[in-house]
Protein chains: 2
Amino acid sequence: MDLILIAIVLGLLAIVYGFITSRQVLGADPGNEKMQEIAGAIQEGAQAYLKRQYTTIAIVGVVVAALVLLFLGPLSAVGFAIGAILSGVAGFIGMNISVKSNLRTAAAAMKGLQEGLTLAFRAGAITGMLVAGLALLAIAVFYWVLTNVVGLSLAEAAERREIVDALVALAFGASLISIFARLGGGIFTKAADVGADLVGKVEAGIPEDDPRNPAVIADNVGDNVGDCAGMAADLFETYVVTVGATMVLTLLLLSGSTTAVVFSGLVALPLLIGGACIVTSIIGTYFVRLGSGTNVMGAMYKGFIVTAVLAVPLIYLVTQYALGDMNAMIGGENLGNVDPGAPLAEEGTSALAPFTGMDLFWCSVIGLVLTGVIIWITEYYTGTNFRPVRSIAKASETGHGTNVIQGLAISLESTALPTLAIIAGIIGSYQLAGLMGIAYAATAMLALAGMVVALDAYGPVTDNAGGIAEMAGLDESVREKTDALDAVGNTTKAVTKGYAIGSAALAALVLFAAYTTDLAELFPAADVDFSLENPYVIVGLLLGALLPYLFAAMGMTAVGRAAGDVVKDVRAQFKEKPGIMDYSEKPDYARTVDLVTKAAIKEMIIPSLLPVLAPIVVYFVIFLVAGQENAFAALGALLLGVIVGGLFVALSMTAGGGAWDNAKKYIEDGNHGGKGSDAHHAAVTGDTVGDPYKDTAGPAVNPMIKITNIVALLLLAALAV
Amino acid sequence: MDLILIAIVLGLLAIVYGFITSRQVLGADPGNEKMQEIAGAIQEGAQAYLKRQYTTIAIVGVVVAALVLLFLGPLSAVGFAIGAILSGVAGFIGMNISVKSNLRTAAAAMKGLQEGLTLAFRAGAITGMLVAGLALLAIAVFYWVLTNVVGLSLAEAAERREIVDALVALAFGASLISIFARLGGGIFTKAADVGADLVGKVEAGIPEDDPRNPAVIADNVGDNVGDCAGMAADLFETYVVTVGATMVLTLLLLSGSTTAVVFSGLVALPLLIGGACIVTSIIGTYFVRLGSGTNVMGAMYKGFIVTAVLAVPLIYLVTQYALGDMNAMIGGENLGNVDPGAPLAEEGTSALAPFTGMDLFWCSVIGLVLTGVIIWITEYYTGTNFRPVRSIAKASETGHGTNVIQGLAISLESTALPTLAIIAGIIGSYQLAGLMGIAYAATAMLALAGMVVALDAYGPVTDNAGGIAEMAGLDESVREKTDALDAVGNTTKAVTKGYAIGSAALAALVLFAAYTTDLAELFPAADVDFSLENPYVIVGLLLGALLPYLFAAMGMTAVGRAAGDVVKDVRAQFKEKPGIMDYSEKPDYARTVDLVTKAAIKEMIIPSLLPVLAPIVVYFVIFLVAGQENAFAALGALLLGVIVGGLFVALSMTAGGGAWDNAKKYIEDGNHGGKGSDAHHAAVTGDTVGDPYKDTAGPAVNPMIKITNIVALLLLAALAV
């Protein structure tokens, strides 16, 4: 059977799973009328926001699509459109499942912890499988259409080029929309959250999720549009870019280095690995069970471990199926026989050492292990049982200042172990199979996306469930259960971000290889010096490293500004309707939602365009100053600079933010004086600071890195026309 | 006259200036008995701390000196010892001047603002000139001894090698001691400051510098041992490394590419530029005057501008004197004729394009301009008249959380303009004269060190003067004047750090070039691939970028931990001596000073060893995994990774911290509710967070970067034995 069709079938399997499971979830008890009313308001707000967000993005999208059509032709424009639209669809589905599961989770939690966990996790799993399935289908179907309907042949260099350009355009579509969604959603959710906390908890002295707070619905809407829709779009993008980049690298580097059959199998293999892991992820979801205890994180681990362990034999099988002989040499000596496809090998580096199917299998295992290691490290840095979170909680005793200092120290420190793990992954996979090895490690990481997204999307559902329980005045025991479920949410949310940025570090190497290969193919006369001895390489590295800083600064400022607007609106509402505090008047929730919506959409535009425009500006400025070869060198270095800088910004922000949040939760559990103590006040400040760190600026760095890389590839293609 | 002797005479001029001016300062009115008593306690604490710190460092120093002797021979060991001892001397002098000027500044401020400014600035100028003079003398005398007493000849490759190794060892000595001094002093000052604020201002509700606070003397001691002694050691190191690296690069690259006379002139030229700027700095100090208004920053600017503008013709003159014909070609085509000295030219890059004396002159001008631009940008980000500080002050209205969020946003944003300026400087000087151009831009920057350190060292003197005025119960008008003087202190302190790290970015390129050149000379058979296409280069970049994060995390944690100890000690003293609050009992200041001393010394060891050990560990680990050539590649990339990562960490921390501090001052000036308002409380939190950012972790990144680079050079030399 055609390998691509197998991948398509497996992708459809994820959709079917999502469909069936969503019937189960939607069939569950939606709770009482009050709960439905509140959930309805959240749903309405979330839909209104996403509609407006995607309308705005669509305008940018249409303009960019026209440019892609103009410079790169119709196939690329179609690819761009597919990537863009499906990214939007992934976000919409994530949000829709989430807003319909929150009240049902609250209702289920009335029955018991296991019931609540099952419902919330199923909701997350739907989003997870749909993200992975849609991403896999996007590439697989598009590739199938290109090779079977359009009829492009892998054997022809010019037609391979068309496939490459179209796949890159697909990735661009996914990335462009994702960065808007990640950032817009991130600004919305944290502006609402920070604003609500500041004016509610701190000023008015009312608890979190209190229905008297006019920003409370906006806060809950934010969980859905930021943590859920934004996250889903982000992971969709990461999947498409990583798997797509592996295919592109194969197309660029390996044509002619092996038989046509093995070559086409090799191109299809990343899709098969993705498909295989969809199967194991679906199986894994059924293992997320509490067992005898109440260890929610343990239940999550069970599901993940089953998914990853089962993936090992299945990846072996699909690799063998795609390549035939697992021990036959691919690449290496053969490389460079075929015209422009193999500049690295021509230069005599070992980047394209020969490898076997077995090597690729082991590299995939490295990717699986790396994912597990990152999860474990993230839990260490953000879980309440370990030194980092406890040190922040302890530092809260001496005030706001020491809480923030210790939180920043942890956030800086938390970059070390993941970086070392990623470096070990790079070295291991490179030793096994050169650049292709790194690409396969990244692909295997992303193949687990269904499960990882499931763990993450579970978080906002339980967070919302808690809010609904509070606002609907359910029994305190319900809130306790949703809190128990939510407590691991901070860790699982941090996990996804660490995982996404970790895979980005590997993908960046693959994308850089694609850039240099493209460069050699499109500009064979250019003698570009990528050596560190070339100062334009240093200039590129510095400019690249600057981008995440500037981008994060813009994101943080946006949240601060929008949160300030929320505070003013809430203060005004308290003044206009003095009856709010004694429940005799109802706050105007919609007004606050509307205000945050406008602010978030306005604020997301400029930072999102930064990574799109930066590579273009850098290329042309350096071109004017120092000529084209140095401009290519600086642009290439920019691509690596953005990951070298961005990896640390993203890791520190996401882990640090999670640690601050859980330090607060740890104190609320009765430690260091518990709720209402001075330590708690300090911890609330830390949590507030961590909010835009972990949910706005930090996670948006991942799509930002990809966009920069992809724009550079497109720029090369456009310059070569 | 021998060029080196001219440089020595000019260096001595700085010492003479320092000697004469210190007579003037010490001759000034030391105020009343109470002031002398307080100043005596500060002096005693500072001396006790520095003595203990340098004793501890001496132990490390002796061990390292023995290793240097063992691996690199006696000349290098002597160089190391000179660098190490003079670094310590620079720190000691800075501290001694500072603790004797603080009370005299307070006394002078009783007469008027101009009088206070004159005295405090003179005190700063003494430190500035002694740092620059000692640094210049260290290199010039050592080089003179090597070439004239030991008799090493520039014409012999093997003897040039000995000079290079000895100069590198000198830089290593300076750097090693400086990182301990910067970090130890930084931990001391901020642990005392944060601790004193937390327990005094926040808990006990007593004002800053209140004599009832047992940590108040420790806080004032900290200003002297951290902001003054640590800073002086740091700038001494920066000067020695930058000027030394330029000489080393000249020795390595340009022998044989020109006549022997021009060559020896070229080696001496960096020293002459340093000497010329000592002259202009001395002249500049006499222009720091208020004029008709009360614009303290304006007075500072006058002094700096005179120094920099006069430097232009003087640098032209010394360049012409050293090289003769300003338009004669040096380097370029001639390069590579002489054996191993010019691998870059052999590789056909333009790193060693031919240049003229005129080109070097223009590169020096770029360095001067870059210094001015960095000062201006730093003032924008940390001055109370501009958007950044005001935005933090405004964000304080909505609470602790938004203050910190906005401060972090500004700290991230503040990296952009300096980075762009540095990049412009790199490109401009490289276009003019290749790598030597970059080296000369960096040298000219550092040549201004006398003036820049003067502006910085002025800060802690006025800070202490304010404390003494408060504790001695002087009239409020005195405190107002010292506050006015101190207000620009935050900006000038941030300026020095931005300047040091900015010059480090240029110096890092020079040091990297020294590394690659050394590598080619010492390991001619190694075919090291520094291309970004080599994954071990990426691994090195990532590891390098990780170092400042880990280092800063350790520094921040250390401050948090030590500050916590201070809080506990002060609480205990309040309990043991209940009469403290009504002035019937005196707190035990010495006990707190002693406690912070022990904590700071204990905490400084491990982080300081990180950059020493990291290059060695990285080399050997990659060597085991992937062989020597990849190990050399990864190590080289590490050197650039540490600057690519460290530049942003250092810039963001130092500017961010300064902005937070001045946002607090801006509120205290009566804005956003003024002292005691909620906004003020929030701003105090931000200031506390900014403290270890700007005074501990951030500034110590600069010597850390240098150490990493120098250790790599020494490692090469040791491996080659």
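The structure presented is a predicted model; accordingly, all values stated were derived computationally and were not measured.

Undergrad: Looking at this structure, I do not really get the overall build of chain A. What am I missing?
TA: Looking only at helices and strands, chain A features 18 helices and zero strands. For a compact globule of 721 residues, the expected C-alpha radius of gyration is about 27 Å, and chain A comes in at 25 Å, within 12% of that figure. Counting only residues that meet the buried cut, chain A has 70% of its 721 residues in that class. Relative to all contacts within chain A whose residues are 6 or more apart in sequence, the contacts with residues 24 or more apart total 84%. When the accessible surface of chain A is summed, it comes to about 20600 Å², and 63% of that surface belongs to carbon and sulfur atoms. The positive charge centre, built from 37 side chains, and the negative charge centre, built from 59, are 9 Å apart in chain A.

Undergrad: Please explain the UniProt feature "site: Determinant of potassium independence" (unreviewed entry) in chain A as it appears in this structure.
TA: All names here are of chain A. According to UniProt, the positions carrying the feature "site: Determinant of potassium independence" (unreviewed entry) are Lys493. In this structure, lysine 493 sits in helix H15 (residues 476–522). In terms of polar contacts, lysine 493 uses its side chain to reach the side chain of aspartate 227, at 3.0 Å.

Undergrad: So what exactly am I meant to see when it comes to the environment of phenylalanine 71 of chain A here?
TA: All names here are of chain A. In this structure, phenylalanine 71 sits in helix H2 (residues 33–72). When the C-alpha positions of phenylalanine 71 and leucine 10 are compared, they lie 34 Å apart, and in sequence the two are 61 residues distant. Aside from chain neighbours lying at most four places away, what touches phenylalanine 71 is Ala718 and Val721.

Undergrad: Help me out: how do you make sense of the packing of aromatic side chains in this one?
TA: Two aromatic rings, taken as a pair, are described by how far apart their centres are and by the angle between their planes. This model, assessed by the stated rule, comprises 38 aromatic pairs over all chains. Relative to phenylalanine 172 of chain A, the ring of phenylalanine 80 of chain A lies with its centre 5.4 Å away and its plane at 45 degrees, an arrangement referred to as tilted. Highlighted residues: phenylalanine 80 of chain A in helix H3 (residues 74–111) and phenylalanine 172 of chain A in helix H5 (residues 157–204), separated in sequence by 92 residues. Since its relative accessible area comes to 2%, phenylalanine 80 of chain A is described here as buried. Exposure remark for phenylalanine 172 of chain A: the relative accessible area of 5% places this residue in the buried category. With centroids separated by 5.8 Å and ring planes inclined at 85 degrees, the aromatic side chains of tyrosine 536 of chain A and tyrosine 430 of chain B adopt a geometry described as edge-to-face. With one member in each of two chains, tyrosine 536 of chain A in helix H16 (residues 535–576) and tyrosine 430 of chain B in helix H13 (residues 416–447) form a pair that bridges those chains. The class of tyrosine 536 of chain A is buried, set by a relative accessible area of 2%. An aromatic cluster of three or more residues is present, and its members are Phe523, Tyr619, Phe620, Phe623 and Phe632 of chain A.

Undergrad: What am I meant to see in the interface of chain A and chain B here?
TA: By a widely used convention, the size of an interface equals the accessible area lost when the partners come together. Listed per partner, the contact involves 71 residues of chain A and 71 residues of chain B. For the pairing of chain A and chain B, the buried interface totals around 6300 Å² over both sides, and the portion due to carbon and sulfur atoms is 80%. Inspection of the region where chain A meets chain B yields zero salt bridges. On the surface where chain A and chain B come into contact, there are seven residue pairs in polar contact (both at pLDDT 80 or more). Only H5, helix H12 (400–413), helix H13 (416–447), H15, H16, helix H17 (589–668) and helix H18 (678–720) of chain A provide two or more residues apiece to the side of chain A that touches chain B. Ranked by residues supplied to the side of chain A that touches chain B, first place goes to H16 of chain A with 19 residues. Across the side of chain A that touches chain B, the residue classes break down as 48 nonpolar, 15 polar and eight charged.

Undergrad: Explanation requested: the packing of H15 of chain A against H17 of chain A in the structure shown.
TA: Any two packed helices are characterised by the angle at which their axes cross and by the distance between the axes. Residues and elements named next belong to chain A. Between H15 and H17, the shortest axis-to-axis distance is 9 Å and the interhelical angle comes to 175 degrees. Relative to H17, the element H15 is oriented roughly antiparallel. Here the residues of the contact of H15 with H17 sort into 17 nonpolar, eight polar and four charged.

Undergrad: I tried to follow the nonpolar core on my own but got confused; where do I start?
TA: Nonpolar side chains in soluble globular proteins tend to be buried together. Residues Phe121, Tyr515 and Leu532 of chain A together with Phe121, Phe236, Tyr515 and Leu532 of chain B are the most contacted members of the largest nonpolar core, which totals 589 residues. Excluding residues within four positions of it along the chain, tyrosine 515 of chain A makes contact with Phe530, Phe632, Leu635, Gly636, Leu639, Ala712, Leu713 and Leu716 of chain A.

Undergrad: Any chance you could explain the relation of the copies chain A and chain B here in plain terms?
TA: Between chain A and chain B, the superposition needs a rotation of 180 degrees and an axial shift of 0.0 Å, giving an RMSD of 0.0 Å. One copy is carried onto the other by what is essentially a two-fold rotation axis. Taking C-alpha positions as reference, the residue of chain A nearest the rotation axis is serine 531 of chain A, located at 2.0 Å. Of all interface residues in chain A, 100% are interface residues in chain B too; the two copies therefore contact each other through one and the same surface.

Undergrad: Sorry, what's going on with H5 of chain A here?
TA: Helical geometry note: an α-helix holds 3.6 residues per turn, so side chains three or four residues apart project in the same direction. Residues and elements named next belong to chain A. For H5, built from 48 residues, the straight-helix expectation of 70 Å at 1.5 Å per residue is met to within 8% by its first-to-last C-alpha distance of 68 Å. Most pronounced at aspartate 197, the bend in H5 amounts to some 25 degrees. Taking burial as the measure, the 48 residues of H5 include 41 buried ones, the bulk of the element. Where H5 terminates, the next one or two residues include glycine 205, which has phi positive at roughly 70 degrees.

Undergrad: What is the right way to read the environment of tyrosine 430 of chain A from this model?
TA: Residue class for tyrosine 430 of chain A comes out buried when judged on its relative accessible area of 7%. Note: C-alpha distance between tyrosine 430 of chain A and alanine 441 of chain A (11 residues apart in sequence) is 9.5 Å.

Undergrad: Sorry if this is basic, but what is going on with unusual backbone geometry here?
TA: The bulk of non-glycine residues show a negative phi, and the bulk of peptide bonds are trans. All names here are of chain A. The backbone of tyrosine 583 sits at a positive phi, close to 65 degrees, despite the residue not being glycine. Tracing the chain through its elements places tyrosine 583 in the loop between H16 and H17. Judged by its relative accessible area of 55%, tyrosine 583 is exposed. Although it is not a glycine, histidine 672 sits at a positive phi angle of roughly 50 degrees. Its place among the elements puts histidine 672 in the loop between H17 and H18.

Conventions we followed
Residues numbered from 1 in each chain as written. Chains lettered and ligands numbered in written order. Predicted model: local features only at pLDDT ≥ 70, side-chain atom pairs only at ≥ 80, totals over all residues. Heavy atoms only, no water. Helix = DSSP H or I, 4+ residues; strand = E, 2+ residues; numbered from the N terminus. Rg over C-alpha atoms; globule rule 2.2 N^0.38 Å. Buried < 20%, exposed > 50% of the residue type's maximum accessible area, 1.4 Å probe, protein only. Contact = heavy atoms within 4.5 Å. Areas by Shrake-Rupley, 256 points an atom, 1.4 Å probe, with all protein chains shown as cover. Lys, Arg positive; Asp, Glu negative; His and termini not counted. Charge placed at Lys NZ, Arg CZ, Asp CG, Glu CD. UniProt positions renumbered as here; feature names shortened; annotations may be inferred. Polar contact = N/O pair within 3.5 Å; in protein donor to acceptor, adjacent residues only side chain to side chain. Phe/Tyr/Trp six-rings, centres within 6.5 Å; stacked < 30°, edge-to-face > 60°. Buried area = accessible area lost by both parts, 1.4 Å probe. Salt bridge = Lys/Arg side-chain N within 4 Å of Asp/Glu carboxyl O. Nonpolar A, V, L, I, M, F, W, Y, C, P; charged D, E, K, R; others polar. Axes fitted to C-alpha atoms, helices over the stretch in contact; angles between N-to-C directions. Parallel < 35°, antiparallel > 145°, perpendicular 65-115°, else oblique. Core = buried A, V, L, I, M, F, W, Y, C linked by side-chain atoms within 4.5 Å. Least-squares fit on C-alpha atoms with pLDDT ≥ 70 in both. Expected span 1.5 Å × (residues − 1). Bend = angle between axes of the 7 residues up to and from the residue.

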